[in-house]
Amino acid sequence: FSLQFNNKRRVNKPYYPRKALLCYQLTPQNGSTPTRGHLINKKEDHAEIRFINEIKSMGLDETQCYQVTCYLTWSPCPSCAGELVDFIKAHRHLNLRIFASRLYYHWRPNYQEGLLLLCGSQVPVEVMGLPEFTDCWENFVDHKEPPSFNPSEKLKELDKNSQAIKRRLERIKQSRSVDVLENGLRSLQLGPVT
């Protein structure tokens, strides 16, 4: 948890591979017990694609609504964003929310477009804050052995680091709003009446 969800801007030596990890909680709206799981990237499949396949394999009752919360170490790449949108459009009984610890290549336009595609398709994407890190820590971490760090301090540090990442995501979302407004104004074709 401490290594993979670490959202520091710079990582100190010794370096370690930060993997794409997806933790999910599927909660039926009828109040039944939630189903939890976690997936990691494999060579050919990103964690998001493995998640889609796992949910499909569950044979969920399509007459029942489900809330699905995903915690990711990295935001989805553009390809996975498109796959998630297609999946949710085909499975209207699922309400998906995505929380990411870090934004993956957030400065690249196509990665920004992937995030905006999700948000525009009723799949909220947010940066993890204290409530999400705490939920992830409490529900997805094996607590059999004591951690080598103070969990309370670590959670507060993650939350503090997430503030700058949240601002980055908001700037990406606002850039989309400005583009929509500019295109809308252009389509009005305001000018002198003839």
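Residues numbered from 1 in each chain as written. Predicted model: local features only at pLDDT ≥ 70, side-chain atom pairs only at ≥ 80, totals over all residues. Heavy atoms only, no water.

The name given to the protein chain in an unreviewed UniProt entry is single-stranded DNA cytosine deaminase, and the organism recorded there is Macaca nemestrina. Here is the UniProt Catalytic activity (unreviewed entry) comment for the protein chain, exactly as written: "a 2'-deoxycytidine in single-stranded DNA + H2O + H(+) = a 2'-deoxyuridine in single-stranded DNA + NH4(+)". Turning to the protein chain, the UniProt annotation filed under Subcellular location (unreviewed entry) states: "Cytoplasm". (UniProt positions renumbered as here; feature names shortened; annotations may be inferred.)

*Asks:* Sorry, what's going on with helix α4 (residues 130-140) here?
*Replies:* Count 3.6 residues to each turn of an α-helix, and residues three or four apart come out pointing the same way. Listed in full, the buried residues belonging to α4 are Glu132, Phe133, Cys136, Trp137 and Phe140. Mapping the buried residues of α4 onto a view down its axis gives an arc of 135°, with all of them on the same face. Opposite its buried face, α4 presents the exposed residues Pro131 and Glu138, each directed more than 90 degrees away. (Buried < 20%, exposed > 50% of the residue type's maximum accessible area, 1.4 Å probe, protein only. Helix = DSSP H or I, 4+ residues; strand = E, 2+ residues; numbered from the N terminus. Arc of directions from axis to C-beta.)

*Asks:* Sorry if this is basic, but what is going on with the environment of Arg92 here?
*Replies:* Among the secondary structure elements, Arg92 is positioned in the loop between α2 (78-90) and β4 (94-102). The exposure class of Arg92 is exposed, given its relative accessible area of 67%. With 27 residues separating them in the primary sequence, Arg92 and Cys65 have C-alpha atoms 8.3 Å apart. Within polar-contact distance, the side chain of Arg92 engages the backbone oxygen of Lys89 at 3.4 Å. (Polar contact = N/O pair within 3.5 Å; in protein donor to acceptor, adjacent residues only side chain to side chain.)

*Asks:* Would you mind going over the side chain of Glu48 with me for this structure?
*Replies:* By secondary structure assignment, the location of Glu48 is in helix α1 (residues 47-57). Among buried charged residues, Glu48 stands out as having no salt bridge; its nearest opposite-charge side chain is Arg50, 9.7 Å away. (Lys, Arg positive; Asp, Glu negative; His and termini not counted. Salt bridge = Lys/Arg side-chain N within 4 Å of Asp/Glu carboxyl O.)

*Asks:* How do you make sense of the sheet that holds strand β1 (residues 21-28) when you look at a structure like this?
*Replies:* Each strand in a sheet pairs with another by means of backbone hydrogen bonds, the pair being arranged parallel or else antiparallel. Taking strand neighbours across the sheet as the criterion, the 5 strands line up as β2-β1-β3-β4-β5 in an open arrangement whose pairing is mixed. Of all the strands in the sheet, just β2 (35-40) and β5 (125-127) have a single pairing partner and so form its edges. Each strand axis lies, on average, 20° off the axis of its neighbour in the sheet, ignoring direction. As paired strands, β4 and β5 are joined by 3 bridges and run parallel to one another. Residue pairing in the sheet places Phe99 in a bridge with Glu126 of β5. Against the sheet, α4 engages β1, β2, β3 (66-74), β4 and β5, with an angle of about 85° to β1. (Pairing = 2+ DSSP bridges. Axes fitted to C-alpha atoms, helices over the stretch in contact; angles between N-to-C directions. Contact = heavy atoms within 4.5 Å.)

*Asks:* What's the story with the state of the cysteines in this structure? I'm lost.
*Replies:* By definition, a disulfide links the sulfur atoms of two cysteine residues through a covalent bond. Inspection of the entire model under this criterion finds 0 disulfides. Unpaired in this structure, Cys77 has its nearest cysteine sulfur neighbour in Cys80, at a distance of 3.6 Å. The exposure class of Cys80 is buried, given its relative accessible area of 2%. (Disulfide = S-S within 2.5 Å.)

*Asks:* How do you make sense of the pairing of β1 when you look at a structure like this?
*Replies:* It is a general feature of regular strands that their side chains alternate between the two faces of the sheet. In terms of residue burial, β1 counts as a mostly covered element, since 7 of its 8 residues are buried. In textbook terms, the turn of a hairpin is the stretch between consecutive antiparallel strands, and for β1 and β2 this stretch comprises 6 residues, one of which, Gly31, has a positive phi near 90°. Relative to β3, β1 runs antiparallel, the two sharing 7 bridges. The residue of β3 that forms the bridge with Thr27 is Gln67.

*Asks:* Please clarify how the pairing of β4 should be interpreted in this entry.
*Replies:* When you tally the buried positions in β4, you get 7 out of 9 residues, the bulk of the element. Relative to β4, β3 is paired through 8 bridges, and the arrangement is parallel. Within the sheet, the bridge partner assigned to Val68 lies in β4 and is Leu96. In the classification by handedness, the crossover that spans β3, the intervening α2 and the parallel β4 is right-handed. Since β4 and β5 lie parallel, the crossover through helix α3 (residues 109-120) that links them has a hand, and here it is right-handed. (Right-handed = clockwise from strand over helix to strand, strands pointing away.)

*Asks:* How should the packing of α2 against α3 be read in this particular structure?
*Replies:* Two measures define how a pair of helices packs: the angle their axes make with one another and the distance between the axes. Between α2 and α3, whose axes approach to 8 Å, the crossing angle comes to 15°. Considering their axes alone, α2 and α3 lie roughly parallel with respect to each other. Crossing hand, α2 versus α3: left-handed. Where α2 approaches α3, its residues Pro78, Ala81, Gly82, Leu84 and Val85 are matched on the opposing element by Asn110, Tyr111, Gly114, Leu117 and Leu118. Residue classes in the contact of α2 with α3 are distributed as 7 nonpolar, 3 polar and no charged. (Parallel < 35°, antiparallel > 145°, perpendicular 65-115°, else oblique. Left-handed = near helix turned anticlockwise from the far one by under 90°. Nonpolar A, V, L, I, M, F, W, Y, C, P; charged D, E, K, R; others polar.)

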